[in-house]
Amino acid sequence: MKIGVLAAQGAFAEHIAVLQKLEVDAVPVRLPRELEGLDGLIIPGGESTTISKLITAYKLREVIKERAGKGLPIFGTCAGMILLAKHGINGYPETLKLMDITVSRNAFGRQKESFETDLKIPALGEKPFHAVFIRAPLIKSVGSGAEVLGKLGDGTIIAARESRLLVASFHPELTDDHRFHQYFLDIVAGKR
Ligand code: GLN
């Protein structure tokens, strides 16, 4: 299995490190031809406006959309989630418009701009998932084809899946719990 990590800006090195720990062939993606032969793609957190500009500059926009249309599984975390969304509010960058969710950028108040919390994510099993939120977006709503995977205590949606697209508001690559990445690999392998 070969997974690409969009290496424009943000936390791509951390995602590659997690994939290597899970013994997966992980490659940085900056050129359109680097998407060839991939079984899945991760779009990391960072700054969504910057990543969006670089996706255009690297001529990746159309190729990613085309591969996604043919079923390439994609996992977007934080800014990567914003980039997958079809709808958004709050100074929204040009996204790939692949997943039927509405996201809100920098949606948490100043005090809680960055925070960590234990989440119940039933798809990952009983044990709570320790999640790191950094100036995170939230999911306002999901379309009928999307499934909510996790919420904060106040009901805010922070993880979802639509077929082979997976998103999380937080940074699963920053902790030692690799269940979220394993879940994505299971989607790639057709086990989920
Ligand atoms: N605040 C960033 C944005 O709106 C996302 C933050 C992150 O990816 N950690 O693009």
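Up top is the structure these notes are about.
Now for a quick tour of the structure. (Residues numbered from 1 in each chain as written. Predicted model: local features only at pLDDT ≥ 70, side-chain atom pairs only at ≥ 80, totals over all residues. Heavy atoms only, no water.)

**Observations regarding unusual backbone geometry**
- A positive phi angle is found at Glu 23, which is not glycine, with a value near 60°.
- Topologically, Glu 23 is positioned in the loop between helix H1 (12-21) and strand E2 (25-29).
- When its relative accessible area of 75% is taken as the criterion, Glu 23 is described as exposed.
- Phi is positive for Lys 97, close to 50°, though the residue is something other than glycine.
- Locating Lys 97 in the fold gives a position in the loop between strand E5 (85-89) and strand E6 (99-104).
- Under the relative-accessibility criterion, Lys 97 is labelled partly exposed at 41%. (Helix = DSSP H or I, 4+ residues; strand = E, 2+ residues; numbered from the N terminus. Buried < 20%, exposed > 50% of the residue type's maximum accessible area, 1.4 Å probe, protein only.)

**Let's talk about the pattern of salt bridges**
- Following the criterion strictly, the structure yields five salt bridges and no others.
- We note a salt bridge from Lys 70 to Glu 66, for which the minimum N-O separation is 3.4 Å.
- Residue Lys 70 is classed as exposed on the basis of its relative accessible area, which comes to 65%.
- Here Asp 177 ties to Arg 179 by a salt bridge, and the two come within 2.7 Å at their closest N and O atoms. (Salt bridge = Lys/Arg side-chain N within 4 Å of Asp/Glu carboxyl O.)

**Some points on the packing of aromatic side chains**
- Counted by the stated rule, this structure contains 10 aromatic pairs.
- Seen in terms of ring centroids, Phe 75 and Phe 180 are 5.5 Å apart; in terms of plane orientation they differ by 10°. Their pairing is stacked. Here Phe 75 is found in strand E4 (residues 74-77), whereas its partner Phe 180 is found in helix H5 (residues 179-188), with 105 residues between them in sequence.
- Residue class for Phe 180 comes out buried when judged on its relative accessible area of 0%.
- Residues Phe 133 and Phe 170 carry aromatic rings whose centres are separated by 5.5 Å and whose planes lie at 55° to one another, so their mutual orientation is tilted. Placement of the pair is Phe 133 in strand E8 (residues 129-134) and Phe 170 in the loop between strand E12 (165-168) and H5, with a sequence separation of 37 residues.
- You can call Phe 170 buried: its relative accessible area is 0%.
- Each member of the aromatic cluster is reached from another via a ring pair, and the members are Phe 75, Phe 108, Phe 115, Phe 129, Phe 133, Phe 170, Phe 180, Tyr 183 and Phe 184. (Phe/Tyr/Trp six-rings, centres within 6.5 Å; stacked < 30°, edge-to-face > 60°.)

Note that every value here comes from positions in space, so none of it alone points to a role or purpose.
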